[in-house]
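Coordinate inspection notes
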Amino acid sequence: MNQFIRNNLGYLLLLAALVILPYALALITGDPLNKGLPLFVQGLMIQVFILAVFALSYDILMGHTGILSFGHALFFGTGAYTLGILVKYGQWSIPAAIVAVVIIAALESFVIGVLSLRVHGVYFAMVTLAFATVAFILVEATDFKKWTGAEDGLHGIPVPDALNPALHRTEFYFLALAFAVMVYLLVKLFVDSPSGRVWAAIRENEARATSIGYNTLVFKVQATIISGIIGALAGVLNALWNLSATPQTMGVDTTINALLMCIIGGSGTIIGPMLGAGVLQLLGYLLNLWLGSVWQLVFGLIYILLVLFVPYGIIGTWRAKNFEWRAMWRDRLQRVATGTGKSSG
Amino acid sequence: MDDQIILQADHLRKDFGGLVAVEDVSLKVRDGSLHSIIGPNGAGKTTLFNLLSGVFKPTAGRVIYRGRDITAQPPHRIAHLGIGRSYQITNVFPNLSVFENVRLAAQAMGRDNLNLLAPAARFKSYSERALRVVEQVGLKGKENLLASVLPHGDKRKLELGILLASDPQVLLLDEPTAGMASEQVPQLMSLIAEIRKQGNKTILLVEHNMDVVMNVSDTITVMHYGTVLAEGAPAQIGANEQVQKAYLGELYHS
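Computed from a predicted model, the values in this text were never measured in an experiment. (Residues numbered from 1 in each chain as written. Chains lettered and ligands numbered in written order. Predicted model: local features only at pLDDT ≥ 70, side-chain atom pairs only at ≥ 80, totals over all residues.)

**Some words on the pairing of strand 2 (residues 19–30) of chain B**
Within a regular beta strand, the side chains point alternately toward one face of the sheet and then the other, so they alternate between its two faces. Residues and elements named next belong to chain B. We apply this condition: A pair of strands is considered paired only if DSSP assigns at least 2 bridges between the two. Comment: elements are numbered from the N terminus, with helices defined as DSSP H or I runs of at least four residues and strands as E runs of at least two.
As defined by bridge partners, strand 1 (residues 5–16) adjoins strand 2 across eight bridges and the pair is classed as antiparallel. Opposite leucine 12, over in strand 2, you have valine 25 as the bridge partner. Connecting strand 1 to the next strand, strand 2, in antiparallel fashion are two residues, including glycine 17 with a positive phi near 60 degrees.

**Section: the domain arrangement of chain B**
Residue and element names in this part refer to chain B. To be explicit about the condition: What counts as a domain boundary in this text is fixed by an automatic or database domain assignment. In this classification, Asp, Glu, Lys and Arg are treated as charged, Ala, Val, Leu, Ile, Met, Phe, Trp, Tyr, Cys and Pro as nonpolar, and every other residue, Gly included, as polar.
Considered domain by domain, chain B is made up of domain 1 (1–82 + 169–181 + 201–254) and domain 2 (90–167). The straight-line distance from the C-alpha centre of domain 1 to that of domain 2 is 27 Å. Partitioning the side of domain 1 that touches domain 2 into residue classes produces five nonpolar, one polar and no charged.

**A short note on the environment of A:Asn257**
Residues and elements named next belong to chain A. Rule in force here: Backbone-placed C-beta atoms define the burial measure: a residue is buried with 20 or more other C-beta atoms within 10 Å of its own, exposed with 12 or fewer, and partly exposed in between.
In this fold, asparagine 257 is placed in helix 11 (residues 252–265). Residue asparagine 257 is classed as buried on the basis of its 23 C-beta neighbours within 10 Å. Each C-alpha atom, one on asparagine 257 and one on alanine 277, is 8.5 Å from the other, the two residues being 20 residues apart in sequence.

**Considering the packing of helix 3 (residues 98–108) of chain B against helix 4 (residues 124–136) of chain B**
Residue and element names in this part refer to chain B. The condition is simple: Note on geometry: axes are lines fitted to C-alpha atoms, helical ones only across the stretch in contact, with angles between N-to-C directions running from 0 to 180 degrees. An angle counts as roughly parallel when it lies under 35 degrees, as roughly antiparallel when it exceeds 145, as roughly perpendicular when it falls between 65 and 115, and as oblique in every other case. Each helix crossing is assigned a hand: it is left-handed if the near helix lies turned anticlockwise from the far helix by less than a right angle, otherwise right-handed if that turn is clockwise. Our contact criterion uses C-beta atoms placed from the backbone: two residues qualify when those atoms are within 7 Å.
Packing of helix 3 against helix 4 leaves a shortest axis separation of 8 Å and a crossing angle of 120 degrees. Viewed along their axes, helix 3 and helix 4 adopt a mutual orientation that is oblique. Once helix 3 is placed against helix 4, the crossing between them reads as right-handed. Counting all contacts with helix 3, which are made through Val98, Phe99, Val102, Arg103, Ala106 and Gln107, the residues of helix 4 involved are Tyr126, Ser127, Arg129, Ala130, Val133 and Val134.

**As for the confidence of the model for chain A**
Our working rule: pLDDT measures how confident the predictor is about each residue, on a scale from 0 to 100.
Of all residues in chain A, 93% have pLDDT values of 70 or greater, and the mean over the chain is 92. In this model residues 341–345 of chain A is a low-confidence stretch, pLDDT under 50, and it forms seven contacts with partners more than four residues away in sequence or in other chains.

**Here's the deal with the domain arrangement of chain A**
Domain assignment breaks chain A into domain 1 (21–252) and domain 2 (315–345). The C-alpha-based centres of domain 1 of chain A and domain 2 of chain A are spaced at 40 Å.

**Section: the pairing of strand 10 (residues 227–232) of chain B**
Residues and elements named next belong to chain B. Strand direction decides the pairing type here: strand 9 (residues 219–224) and strand 10, joined by five bridges, are antiparallel. Pairing of histidine 224 across the sheet is with threonine 227, part of strand 10. Connecting strand 9 to the next strand, strand 10, in antiparallel fashion are two residues, including tyrosine 225 with a positive phi near 45 degrees.

**Here's the deal with the interface of chain B and chain A**
The partner chain A presents 21 residues to the 34 residues of chain B that form the contact. Only helix 2 (75–81), helix 3 and helix 5 (152–165) of chain B provide two or more residues apiece to the side of chain B that touches chain A. Tallied by class, residues from the side of chain B that touches chain A come to 21 nonpolar, nine polar and four charged.

**Description of the packing of helix 4 (residues 73–88) of chain A against helix 5 (residues 94–116) of chain A**
Residue and element names in this part refer to chain A. The contact between helix 4 and helix 5 brings their axes to 9 Å, and the two run at 140 degrees. For the element pair helix 4 and helix 5, the recorded crossing hand is right-handed. From helix 4, Phe75, Thr78, Gly79, Thr82, Leu83, Leu86 and Val87 reach across to helix 5, where they touch Ile94, Ala97, Ala100, Val101, Ile104, Ala105, Glu108 and Ser109. Among the residues making up the contact of helix 4 with helix 5, the classes are represented as ten nonpolar, four polar and one charged.

**Some thoughts on helix 5 of chain A**
Convention followed: Multiply 1.5 Å by the residue count of a helix minus one, and that product is the helix's expected span.
Here helix 5 of chain A spans 32 Å end to end across 23 residues, near enough to the 33 Å set by a 1.5 Å rise per residue. The set of residues buried in helix 5 of chain A consists of A:Ala97, A:Ile98, A:Val101, A:Ala105, A:Glu108, A:Ser109, A:Ile112, A:Gly113 and A:Ser116.

Put into structure tokens, the structure is as follows:
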């Protein structure tokens, strides 16, 4: 148990800080939890948690399986709209609607995966972009305005009071935090599993993975389905938070945002994309506050600097340094122990 | 005699547009033998390997394994049937550890690949097999290094380790000593001989350098411009004038 705490100290401290955050803010400012700064920061963090899950779902493809998609927003939007339409117009209960979202996202990602994963790299990215663009056009189309609200989006999703983020902000905060923690643990489980290791093999060298006996298409479709379901669940939470689903959830900006979060935080590190979501979201908010509408220009500059000097993202670069350091010391100790002057490896 | 043939190429041909890489190659590999394919650069040796392992589909001809036509099978199926290959150009998983490179090859042959909910480390048989193979190919102590940081000679050993971990019956080795320091070559060749003896394996070995295979082979096939120039025991091949011409050019005999 002690070992567990030592190995995961950083994660546990982060989690503890996030649990304490609303109460600490309330204590410091003297405001109650559902007013002023505590209320506002919880709202900001809820968005961070939602985007952290979405970024992580994107990284299952990019960072863990080596698949570049430009259409991941399709799943975010699918989650948001499916929930909105079923709950508002179908009078479905929220749990039933979530089950429907999971099934629809699974089917959608299965079909897209089987149809498009035969092409690689940027070609796959283009095919996914096409799928997402079709979905974007469909939700904006006036033909379905009755259901989707067209360009305005679907608003006023009815939820029970207990889930209403305006009335029960702190409860919603912990719901979103628990959701993010759960997805983190799940993805960690997946990535360490036999299938997850095959994803890594595909990312590293797909041809060799095939030659040692893996039918790589099966594993790529598997990763796409899992990524799609988690992405859609993030969309569900986003719809519950905003009580709406807008075309923007299907937009290419949503995908690019996830991609930036993964790169800034550290693609392929699990916690990295989640951290990236926090950095991007908070930095975006602060820059906007200080600089007004030119903030994106400044952010672009920061982004370029990050890519230049922190090439594997925050977590990835830190781990790479750490790994080199450890490998270097192991090598030195080995040479000392064996009495050889020169390294053999 | 024929029932001892484990792998057979039957009039294989492969065109790349106008270029004929393999024109007409037939060969029979006897079960348990060490069969070498030699030939100058561009003779079509690697293309032949790509045909045998299913990476390329032949323009004409068939590949027969244990009496069964496997020409149309995809590479991953062929791997499961028991034909494994290594590559001339090192072809590993660069940002995974040496151990994980080998473990993945062991896992590929099992039935747990679609398991998402248990840590891979819990499947001990693959890890144990990987550790045995790492030791066998002489990489013990380097399990936790990333494949990308290995020196070239060690990468060649890892290349062989990945192949051995999946325990194939037929090993297609594409210039296993390519780029190795010459003093390391005998060591690797004796490892290959040992693998064959221990596991009663069949080895089909592509080599560029004739000297390397002379002492270890049962049969040697010489390829030249996409065809079979000669085939026979090492002594016959060594004495064959056509082979000498192919390797050394006409001048040698004039």
